[in-house]
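This is what each chain is made of:
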Amino acid sequence: RDDDDINDVASMAGVNLNEESARIMATNSDLVGTQIQSCKDEPFLAAIPLHKRILETAKKLGITDVPAEVVTFISHATQSRLRTVIEKVTVITQHRMESYKDDEWYEQATDVRSQLKFFEQLERLEKQRKDEQEREILLKAAKSRSRQEDPEQARLKQKAKEMQQQELAQMRQRDANLTALAAIGPRKKRKLDAPGLLTIGGEGVGVCGGSPAGLGTASPRQYPRQKITRVNLRDFIFYMEQEREMSHSLLLYRALLK
């Protein structure tokens, strides 16, 4: 009996095995008696067309038999590769869409958009100045009453007449638009879709839990809108340029030519 007490490590540590067994049974009672089995292995790609494609490639190399395990392995490898590509391209897109304007650790060095707007404004002013000069020349030519007119003078008079007719037509069109807007009245702003309102064919259909037909007032429950990341061709080209096995591939050059 003394030897049993010496060899009983659980008793020497102060652990009661009966109490611990009862606690385990109480904690994992829902798992006791259940049977756990692995899920069925579903291939990512269609097995029959993939097997046929692999056989066509293998025959060129002198291989006549390809087991089904190879097809499953290639299907899973394709799925893993595609998941990796999508994850990397998504990160690239998120970096491209990230804005640093409100970040205190960054300051704006150049503003290309403002510079382009400034140049566009300069071009607009220059075009307006040239149009005004041409208009003055045409008006002077139209007011001239010289008896001996050369063909150039006649051309300027005709052009001035056409310009005056065009300006008159624009003024009439502007007055007609203002009259039509005044007759219509103030435009009403379109109401935004309420939370829980489903739009079908331009008509709002409210989903109500208490109504048997499912139509009625909008439900107060709001569903979070899923954030969509839109990847464009530039993001994918940047990804291919960073990858070692794709940086000199034919696919990259074809993408750059588009």
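Worth saying up front: this structure is predicted, and the values here are computed from it rather than measured.

Colleague: Would you mind going over the packing of aromatic side chains in detail, with residue names and values included?
Modeller: Following the criterion strictly, the structure yields two aromatic pairs and no others. Look at Phe236 and Tyr239: their rings are 5.9 Å apart centre to centre, the planes differ by 40°, and that puts the pair in the tilted class. One end of the pair, Phe236, and the other, Tyr239, are both in helix α8 (residues 233–242), three residues apart, so they sit about a helical turn from each other. Judged by its relative accessible area of 2%, Tyr239 is buried.

Colleague: How would you explain a nonpolar patch on the surface if you had to name every residue and give the values?
Modeller: On the surface, Val112, Leu116, Phe118, Phe119, Leu122 and Leu125 cluster together to form a nonpolar patch covering roughly 600 Å² of accessible area. Along the polypeptide, Phe118 turns up in helix α6 (residues 112–143). Overall, the relative accessible area of 48% leaves Phe118 in the partly exposed class.

Colleague: Explain the packing of helix α5 (residues 68–97) against α8 to me, and be specific about the residues and the numbers.
Modeller: Contact pair α5 / α8: the axes reach a minimum separation of 9 Å and the direction vectors enclose 115°. Of the two possible hands of crossing, α5 and α8 adopt the one that is right-handed. Contact residues: α5 offers Arg81, Val85, Lys88, Val89, Ile92, Thr93 and Arg96, while α8 offers Asp235, Phe236, Phe238 and Tyr239. Looking at the contact of α5 with α8 residue by residue, the classes come out as six nonpolar, one polar and four charged.

What counts, and where the lines are drawn
- Residues numbered from 1 in each chain as written.
- Predicted model: local features only at pLDDT ≥ 70, side-chain atom pairs only at ≥ 80, totals over all residues.
- Heavy atoms only, no water.
- Phe/Tyr/Trp six-rings, centres within 6.5 Å; stacked < 30°, edge-to-face > 60°.
- Helix = DSSP H or I, 4+ residues; strand = E, 2+ residues; numbered from the N terminus.
- Buried < 20%, exposed > 50% of the residue type's maximum accessible area, 1.4 Å probe, protein only.
- Patch = residues over 30% accessible without salt bridge, like charges linked within 9 Å, V, L, I, M, F, W, Y side chains within 5 Å.
- Areas by Shrake-Rupley, 256 points an atom, 1.4 Å probe, with all protein chains shown as cover.
- Salt bridge = Lys/Arg side-chain N within 4 Å of Asp/Glu carboxyl O.
- Axes fitted to C-alpha atoms, helices over the stretch in contact; angles between N-to-C directions.
- Left-handed = near helix turned anticlockwise from the far one by under 90°.
- Contact = heavy atoms within 4.5 Å.
- Nonpolar A, V, L, I, M, F, W, Y, C, P; charged D, E, K, R; others polar.

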